[in-house]
Amino acid sequence: MGVDETVGDAAVDRFAVSARQRAEREAAAAARKAAREASAPGPDASSRAAPAPARPVAPPLSSDEAVEDARSRATKCESLDELVAVLEGFDACPLKKTATNLVFSDGNPKARVMIVGEAPGRDEDLKGKPFVGRSGQLLDRMLAAIGLSRHEEDPAKAVFISNCIFWRPPGNRKPTEAETLMCLPFVERAIELAHPDILVLLGATSAGRLLRTTQGIMRTRGRWTEYKSPGGETFRTIASLHPAYLLRQPAHKRLAWRDLLEVRKALDESV
């Protein structure tokens, strides 16, 4: 409306007002403090006793120490249940501090086929199981197309599913090198304990880590190879595209279908 300033009938010293308000706030704070001190109980014999000594806090492990600690713990596990218990007590991985749940596995541990993915997302973090979001629903449909399911009791028709990372990275970011290496000994031990006939690696992270290759997933997928565990066991292995990638690039579903047909053929030939 054209008004660019306002004035009053009398001048006001704003500096004096600010000083007065500050003095009033300080006086009110001092009064509250005095009231709290007056209402607090006086010291008695128990409060005068010497305080208990503080428990020493161990310094956090370095990344290399954490990896060695993980390897030592994983090697001692003689069952998948022991492995889960050890993971629940493993605090060195920083991802555990921001995640809601440990996401270790789903499916039948006696299955002939074991699938290793990458890392849990939001849905997996909330439910504590791998591949339960949109990518998991796609994976279930893909497996059903070759006669496999995570819900089957028959090992010949079942799958066992795990991940390379057991806690959700914040915001679904890519896990760091240190975080991946801390989880790797547990993944390797899980494979040894499940002892599948066929190991399927979904995505670049699982394929790169377990096959110890820097090649991209497009070069490693669809080819049979062998994964050798730290204990010296070998497992027939094939890499394929991660369902989350297929949701972004549906044209590549044909490549994943070829990989699944290879898995089905291998299962039928080894009956």
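What counts, and where the lines are drawn
- Sequence positions are assigned chain by chain, starting from 1 and proceeding in written order.
- Whole-chain, interface and lining totals are the exception, using all residues; otherwise, since this is a predicted model, local features are given only for residues with pLDDT of at least 70 and side-chain atom pairs are given and counted only at 80 or more.
- Derived side-chain values reflect all non-hydrogen atoms in the structure, with water molecules and hydrogen atoms excluded from consideration.
- In this description a helix means any DSSP run of H or I spanning at least four residues, a strand means any run of E spanning at least two, and both kinds are numbered starting from the N terminus.
- A 1.4 Å probe rolled over the protein chains alone gives each residue an accessible area, and that area as a share of the maximum for its type sets the label: buried under 20%, exposed over 50%, partly exposed in between.
- Whether two residues are in contact is decided by their heavy atoms: any pair within 4.5 Å suffices.
- For a helix, the expected span equals 1.5 Å multiplied by the number of residues minus one.
- Starting at the helix axis, one direction is taken to each C-beta atom, and the arc is that of these directions.
- A pair of strands is treated as paired once DSSP finds two or more bridges between them.
- Between N-to-C directions, angles span 0 to 180 degrees; the directions come from axes that are lines fitted to C-alpha atoms, helices contributing only their stretch in contact.
- Just to be clear on terms, a salt bridge is a Lys or Arg side-chain nitrogen sitting within 4 Å of an Asp or Glu carboxyl oxygen.

(A) Geometry of the environment of Thr225. The residue Thr225 is located in strand β5 (residues 224-228) in this model. Using a relative accessible area of 34% as the deciding quantity, one classes Thr225 as partly exposed. Taking the C-alpha atoms as reference points, Thr225 and Leu211, separated by 14 residues in sequence, lie 8.6 Å from one another. Discounting chain neighbours no more than four positions away, the residues touching Thr225 are Leu211, Phe235, Arg236 and Thr237.

(B) Structural view of helix α3 (residues 63-76). For α3, spanning 14 residues, the distance from its first C-alpha to its last is 20 Å, which sits close to the expected 20 Å at 1.5 Å a residue. When we look at burial in α3, the residues that qualify are Ala66, Val67, Ala70 and Ala74. Looking straight down α3, one finds that the buried residues subtend no more than 100° of arc, so they occupy a single side. Every exposed residue of α3 that faces more than 90 degrees away from the buried side is listed here: Asp64, Thr75 and Lys76. Among the structural elements, α4 (80-88) and α8 (177-194) are those in contact with the buried residues of α3.

(C) Main features of the sheet that holds β5. Spatially, six strands are ordered β1-β3-β2-β4-β6-β5 in an open sheet, and the strand pairing comes out mixed. Among the strands making up the open sheet, the edge pair consists of β1 (105-107) and β5. Adjacent strand axes in the sheet meet at a mean angle of 30°, parallel and antiparallel pairs treated alike. Relative to strand β3 (residues 159-163), strand β2 (residues 113-117) runs parallel, the two sharing five bridges. The residue of β3 that forms the bridge with Val113 is Val159. The strands touched by helix α12 (residues 253-269) are β2, β4 (198-202), β5 and β6 (234-240); relative to β6, the strand with the most contacts, the crossing angle is about 155°.

(D) Representation of the pattern of salt bridges within the structure. Summed over the entire model, instances satisfying the criterion amount to 14 salt bridges. Taking the shortest distance from any N to any O, the salt bridge between Glu78 and Arg189 comes out at 4.0 Å. Taken together, the positions of Glu78 in the loop between α3 and α4 and Arg189 in helix α8 put the pair 111 residues apart, joining distant regions of the chain. The class for Glu78 is exposed, based on a relative accessible area of 56%. With a closest N to O distance of 3.1 Å, Glu188 and Arg212 form a salt bridge. Of this pair, Glu188 sits in helix α8 while Arg212 sits in the loop between α9 (204-210) and α10 (217-220), and the two are 24 residues apart along the sequence. Among the residues examined, Glu188 registers a relative accessible area of 8% and is labelled buried. The exposure class of Arg212 is exposed, given its relative accessible area of 52%. Within the structure, one salt-bridge network assembled from shared partners comprises Glu78, Arg189 and Glu192.

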